[in-house]
Amino acid sequence: MDVFGLGFGIFIIIFHIVNGEDCVFKKPCSCNTDDYKIDLSPIMKHSKKPLFVTYLGAQYYLDPCGKALTVEKCKKLGPEASGCQLQGSYAYGIAKTTGYTASGDPKAGTVTFTYSYGEASNMRTTKLKVKCSSHERKLTCSGEHPTMTYNFELETKYACKHAPSSGDSGGLSTGSILVILFFVLLFVYIIVGILFLKYYRKEEGVNLIPNREFWKEIPFLVKDGVVFTVSKVRGNSTYEKI
């Protein structure tokens, strides 16, 4: 690997460490990262009514935890409907009690629960973006786009950061284990390197630092990686094509 390639690789690793991570779907209406948990179940425990909003003359009902709707006009859709659109005298299913997912970075406010209803040829999809706020439950609708995809935003205090409970954690997270392992290996690398240089190669002073020249180059390698990445994003790379 050349010096530039190594620098770019180090930059990518650092970028992934500091960047957010996707919220992993754990159970109905909740998802977790290593240090963040979103759980919408209290919304339905505190109020037995589903989420409700009107938009362009239509009424929308949604249970974010996938429970069957108790709204009388929506009951005709059957026990598997957890989301319903009422348009005049017609009722359309927009979410099922099973098969929904969650994705997005909670730190960036992009967590979205996705629900579906119907067969592939007539599938309706509901996207519920959840946002941390002081509200208990405030639902807004931004319309149907693309066709048969219904977009909502839920502002709720239950989307704000709180640590996963002990029942969800079960010990150290994967990220914590990797960080601990990294520093243990780094410590071993430094100690073994110093002993090797001192007693086998008879080095002294700053020459006892393992791979000293490599570590001196680290800041420049990272800089090269950042410059390369920024130039690619902007589409004006100054590097010559081979």
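As shown above, the structure is provided for reference.
Keep in mind that this is a model prediction, so the values were computed, not measured. (Residues numbered from 1 in each chain as written. Predicted model: local features only at pLDDT ≥ 70, side-chain atom pairs only at ≥ 80, totals over all residues. Heavy atoms only, no water.)

It is worth spelling out the environment of I190 at this point. The topology assignment puts I190 in helix α4 (residues 174–199). Accessibility expressed as a relative area gives 34% for I190, which makes it partly exposed. (Helix = DSSP H or I, 4+ residues; strand = E, 2+ residues; numbered from the N terminus. Buried < 20%, exposed > 50% of the residue type's maximum accessible area, 1.4 Å probe, protein only.)

Here helix α5 (residues 212–234) contains 23 residues, and its C-alpha end-to-end distance of 35 Å stays within 8% of the 33 Å for a straight helix at 1.5 Å per residue. Along α5, the helix axis deviates most sharply at I218, where the bend reaches about 40°; the proline P219 sits within four residues downstream. Of the positions making up α5, those classed as buried are I218, L221, V222, G225, F228 and S231. Two residues or fewer after α5 comes G235, characterised by a positive phi angle close to 75°. (Expected span 1.5 Å × (residues − 1). Bend = angle between axes of the 7 residues up to and from the residue.)

Quick look at a positive patch on the surface now. A contiguous patch of positive charge on the surface is contributed by K27, K45, K48 and K67. Structurally, K45 is set in helix α2 (residues 41–46). (Patch = residues over 30% accessible without salt bridge, like charges linked within 9 Å, V, L, I, M, F, W, Y side chains within 5 Å. Areas by Shrake-Rupley, 256 points an atom, 1.4 Å probe, with all protein chains shown as cover. Salt bridge = Lys/Arg side-chain N within 4 Å of Asp/Glu carboxyl O. Lys, Arg positive; Asp, Glu negative; His and termini not counted. Charge placed at Lys NZ, Arg CZ, Asp CG, Glu CD.)

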